Amino acid sequence: MTGMAEKQLTVQQDFKRWREMARTYLQNAVIPADARWDLGDQLALPFSFEQPKSAAKTNKHQVPAAFIQVAQFLSQHRDHSKWTLLYQMLWRLTHGEPYLLRLSSDPAVRQLHRMNKAVSRDIHKMKAFVRFNSSSHSGEEHFHAWFEPEHLVLEAVAEFFVKRFTAMNWTVCTPGGCAHWNQKQLRLSEGITYAVYQQMTEDDEMNEYWRQYYRHIFNPARLKEAAMKSEMPKKYWKYLPESVLIPKLTQKATLNMTHMLSQPATDPERLRAKSKKLKQQQNAIRSKNQKQAQ
Amino acid sequence: MSVVCSLYVPYNDNMQLIDKLAILADAAKYDASCASSGTDQRDSKNGKGIGSSGGMGICHSYTPDGRCVSLLKILLTNFCIYECSYCVNRASSQVKRARFTVDEVVKLTIEFYKRNYIEGLFLSSGIIKNEDYTMEQISLIAKKLRTEHDFRGYIHLKTIPDASPELLAEAGKYADRLSINVEMPTAQSLQQFAPEKSPLGIKKSMARLKSGIAEAKAHKRQKKTISNQRIKSHIKFAPAGQSTQMIVGADQSNDRIILIQSNQLYNNFKMRRVYYSAFSPIPDASQALPLIAPPLMREHRLYQADWLLRFYGFEVDEITPLNSTSDGMLDLHIDPKLSWAINHREFFPINLNKASLEHILRIPGIGAMSARRIINMRRYSRIRLIDLQKMRVAIKKVKPFIETSDYHPQARLLEKDNLRGYFIPPEQQQLAF
Ligand code: SF4
């Protein structure tokens, strides 16, 4: 497999750093209230500790594998308080509450779930609402997308796209970073502003086809605007070429439905009366069905 | 190749693709299904082809009707020789007609997919010429997508009942999901409103799909158990199973009849899903079926009842009892679980610290997730009311029905004559549907 990422991804790096620090804190019995994590961008220990004396001491602290997983996931949350929360939980897991994760109503567990849910939702919505714009550069097709995720999920989403759009060249940009895929390697670069992004892209003619589809797959007789908005809040609309249609479709829905209901109905025999061939065909099928039913 | 139907309706073969798209999306929107989940895990990491699937499906957009847009849902053509009264595409309808070429559908699917608009394709068609010809054309598109473009996204094909078994087998090779709509809750209604469709033919085809799916599954399981050597031969058949759709409110069938039918479909044909589609006004309706506003609340209650059947251990007879006081309809004001509980107060209160999962699942306001969390939690601590609150269970709703270590319901509440009224806000008691 060709290298998916040429450098260690940053969120994973952060987590590794936190894990090392947490291990040191734990080994030196630093209680959660005294542990400091808020040291600017780089996580660094505020003071130095002695190295643990024996291997036995290092292995003393066992935590469920599930904790490492949720902790790693949580490192994608934007809020720095995540590190404090994780250490609090780590402390309790290793100090008499090994089953902590199962206490769904514990405030720390709930906070963890809440924060992780926010991250999952962000990942899910980004996978859903990223729209690639195609453009050609010296004969090669390249796809661009812009998104502003709430959390640090660009890498997770980029890896998903690598598996899905492997045979495409694409770039996904966010204010916090860009991910580039050239069919072989995933590269991360600095974030850019929306204005800069706009200069990179052109309008894609397929957007017009997509809007046409969206316009016509909507059934005006079932208007439920609130349901749509709860799944697709307005803050996502700017990524979606189809969203310009929403106000008009919504406004005209009731009118269209009333119009439909007021139209005269058509005689089911209309065509059968005109076309002998159709009538024969339908009659043949109908009599076959009747025989079958008997 | 000339299309038989072009004899009946003026048809312009030079129509632009974008205009065809309008007509053939309009023609497809009455199918409720948009699921793209639960199929084989696939991706294109080996650098060939495009797409991935498996796991949770993704809704890439929502239309103002609140529906998820996950698949490119279109008809190959809306020409149709059948006369299904409820359908906008029936032969006698005066809607504009169009037909995609095979390559047009392939192109739209791939180009939409590349822009991350969709998870895949849901293709259906009016019946042109005959059943086998139509099925062949549908399959051909799936085949092209899979073999020529190495498309690894999701494909759902609407199967034409009465198409030959060989053609079904071919379709199953390329599709993730196959479906045949039962359309009507009873055979009589189907005969009345879709005279060219055969209830027997539909069931026969469903049975074929069921055995095809089961065979492929068994083969896969066997392969896993034999050894870790990879065996190349691979029977493929609709790994995401089959589903179907029933139209609600076009005929006179009550909810009990509908649920009995669903139950049979789940049991006899291993359906993944039965979709309920509220009969919706269409342009140019038939005199055989006068239009009404779609019964959306009824549709919603049927989905809830369907979940009770599948995941909560309820029987149809419990949800819609067979007795003289019942009209076989679900209560539109309250959900079917609550409605059952109000009629079975002897079952309550349920002690959350002692009751089995099956019993906890019967408590109105407690979903399958919360029920499992309660069972999990009580291995370590006793359940209190506040724990439920923290799990975001609707306390007002569950209160009459439960007991916790710190709470016992007032007997008054359960014995209230108007317990139903306790749950319905006054302004809601007059529901329009
Ligand atoms: S077969 Fe019936 S339901 Fe299907 S497109 Fe034709 S008229 Fe509509």
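Here the structure is a predicted model, which means the values were calculated and not measured.

**Overview of the site of the ligand**
Close to the ligand lie Cys80(B), Tyr82(B), Cys84(B), Cys87(B), Asn89(B), Arg90(B), Gly126(B), Ile127(B) and Lys197(B), which account for all nearby residues. For the shell around the ligand, the class distribution of residues is five nonpolar, two polar and two charged.

**Quick word on helix 8 (residues 206-217) of chain A**
All names here are of chain A. The first and last C-alpha atoms of helix 8 sit 17 Å apart over twelve residues, in line with the 16 Å expected at 1.5 Å per residue. Of all twelve residues that make up helix 8, ten are buried, and the element is covered over most of its length. If you check which residues of helix 8 are buried, you get Met206, Asn207, Tyr209, Trp210, Arg211, Gln212, Tyr213, Tyr214, His216 and Ile217.

**Quick word on the side chain of Ser92(B)**
Within the fold, Ser92(B) resides in the loop between strand 3 (71-75) and helix 2 (102-114). In terms of polar contacts, Ser92(B) uses its side chain to reach the side chain of Glu83(B), at 2.8 Å. In contact with Ser92(B), other than residues within four places in its own chain, are Thr266(A), Asp267(A), Pro268(A), Arg270(A), Leu271(A), Glu83(B) and Asp284(B).

**What about the confidence of the model for chain A?**
Residues and elements named next belong to chain A. Summing up the model confidence of chain A, the mean pLDDT is 87 and the portion of residues at 70 or higher is 89%. In the model, residues 1-8 has pLDDT below 50 throughout and makes 17 contacts with residues more than four positions away in sequence or in other chains. For residues 52-57, every residue scores under 50 in pLDDT, and the model assigns this stretch two contacts once sequence neighbours within four places are set aside.

**Things to note about the domain arrangement of chain B**
Along its sequence, chain B is organised into domain 1 (15-245) and domain 2 (336-432). For domain 1 of chain B versus domain 2 of chain B, the separation of C-alpha centres amounts to 41 Å.

**Quick word on the sheet that holds strand 8 (residues 273-278) of chain B**
All names here are of chain B. Taken together, the six strands give an open sheet; going across it, the order is 3-4-5-6-7-8, and neighbouring strands pair in parallel fashion. Of all strands in the sheet, those bounded by a partner on one side alone are strand 3 and strand 8. Each strand of the sheet is rotated relative to its neighbour by a mean of 20°, with strand direction disregarded. As paired strands, strand 7 (residues 242-248) and strand 8 are joined by six bridges and run parallel to one another. Residue methionine 246 lies in a different strand from strand 8, and its bridge partner there is tyrosine 276.

**A closer look at the nonpolar core**
By size, the foremost hydrophobic cluster in this structure holds 175 residues, and its most contacted members are Trp170(A), Tyr213(A), Ile74(B), Phe112(B), Ile363(B) and Leu388(B). The element contributing the most residues to this core is helix 2 of chain B, with seven residues. Contacts of Tyr213(A), omitting those with residues within four sequence positions, involve Leu21(B), Ala25(B), Val69(B), Leu71(B), Leu72(B), Lys73(B), Ile74(B) and Phe112(B). Residues Val30(A), Leu74(A), Tyr87(A) and Val109(A) belong to the second largest nonpolar core, which totals 25 residues.

**Side note on the sheet that holds strand 1 (residues 133-137) of chain A**
All names here are of chain A. The strand order across the open sheet formed by five strands is 1-2-3-4-5, and the pairing between neighbours is mixed. Because the sheet does not close on itself, it has two edges, and the strands there are strand 1 and strand 5 (186-189). Each adjacent strand pair in this sheet contributes to an overall mean axis angle of 20°, direction not counted. Pairing analysis gives five bridges linking strand 1 to strand 2 (residues 140-146), with the strands arranged antiparallel. If you follow serine 134 over to strand 2, its bridge partner there is phenylalanine 143. Across the sheet, helix 6 (residues 154-164) touches strand 3 (169-174), strand 4 (177-181) and strand 5, and the angle it forms with strand 3 is around 165°.

**Some points on the pairing of strand 4 (residues 120-124) of chain B**
Residue and element names in this part refer to chain B. For strand 4, the buried fraction is high: five of the five residues fall into the buried class. Each parallel crossover has a hand, and for strand 3 linked through helix 2 to strand 4 it is right-handed. Bridge analysis of strand 4 against strand 5 (residues 154-158) gives four bridges, and the strand direction is parallel. Its bridge partner lying in strand 5, glycine 120 is registered against tyrosine 154.

**Here we look at the interface of chain A and chain B**
When the parts of a complex come together, some accessible area is lost, and that lost area is often taken as the interface size. Contacts between the two partners involve 74 residues from chain A, matched on the other side by 92 residues from chain B. A buried area of about 7,300 Å², summed over both sides, lies between chain A and chain B, and 59% of it is on carbon and sulfur atoms. When the buried surface of chain A facing chain B is broken down by residue, Arg164(A), Tyr213(A) and Arg222(A) rank first, second and third, together holding 11% of it. Summed over the shared surface of chain A and chain B, the number is seven salt bridges. With a shortest N-O distance of 4.0 Å, Arg115(B) and Glu141(A) are connected by a salt bridge.

**What to know about the pattern of salt bridges**
Here the structure, examined in full by the defined rule, presents 35 salt bridges over all chains. One salt bridge connects Arg286(A) with Glu196(B), and the closest N-O pair in it is separated by 2.6 Å. Of this pair, Arg286(A) sits in helix 12 (residues 276-293) while Glu196(B) sits in the loop between helix 5 (187-193) and helix 6 (199-226), each in a different chain. Of the two residues, Arg286(A) and Glu196(B), both sit in the buried class. Among the charged side chains, a salt-bridge network with shared partners connects Glu141(A), Asp204(A), Glu111(B), Lys114(B) and Arg115(B).

**Things to note about the state of the cysteines**
All names here are of chain B. Under the criterion given, the structure shown has two disulfides over all chains. The side chain of cysteine 59 participates in a disulfide bridge whose partner is cysteine 68; the two sulfur atoms lie 2.2 Å from each other. Taking the sign of the S-S torsion, about -100° here, the bridge from cysteine 59 to cysteine 68 comes out left-handed.

Thresholds, definitions, all that
- Residues numbered from 1 in each chain as written.
- Chains lettered and ligands numbered in written order.
- Predicted model: local features only at pLDDT ≥ 70, side-chain atom pairs only at ≥ 80, totals over all residues.
- Heavy atoms only, no water.
- Near = heavy atom within 4 Å.
- Nonpolar A, V, L, I, M, F, W, Y, C, P; charged D, E, K, R; others polar.
- Helix = DSSP H or I, 4+ residues; strand = E, 2+ residues; numbered from the N terminus.
- Expected span 1.5 Å × (residues − 1).
- Buried < 20%, exposed > 50% of the residue type's maximum accessible area, 1.4 Å probe, protein only.
- Polar contact = N/O pair within 3.5 Å; in protein donor to acceptor, adjacent residues only side chain to side chain.
- Contact = heavy atoms within 4.5 Å.
- pLDDT = per-residue confidence, 0-100.
- Domains from an automatic or database assignment.
- Pairing = 2+ DSSP bridges.
- Axes fitted to C-alpha atoms, helices over the stretch in contact; angles between N-to-C directions.
- Core = buried A, V, L, I, M, F, W, Y, C linked by side-chain atoms within 4.5 Å.
- Right-handed = clockwise from strand over helix to strand, strands pointing away.
- Buried area = accessible area lost by both parts, 1.4 Å probe.
- Salt bridge = Lys/Arg side-chain N within 4 Å of Asp/Glu carboxyl O.
- Disulfide = S-S within 2.5 Å.

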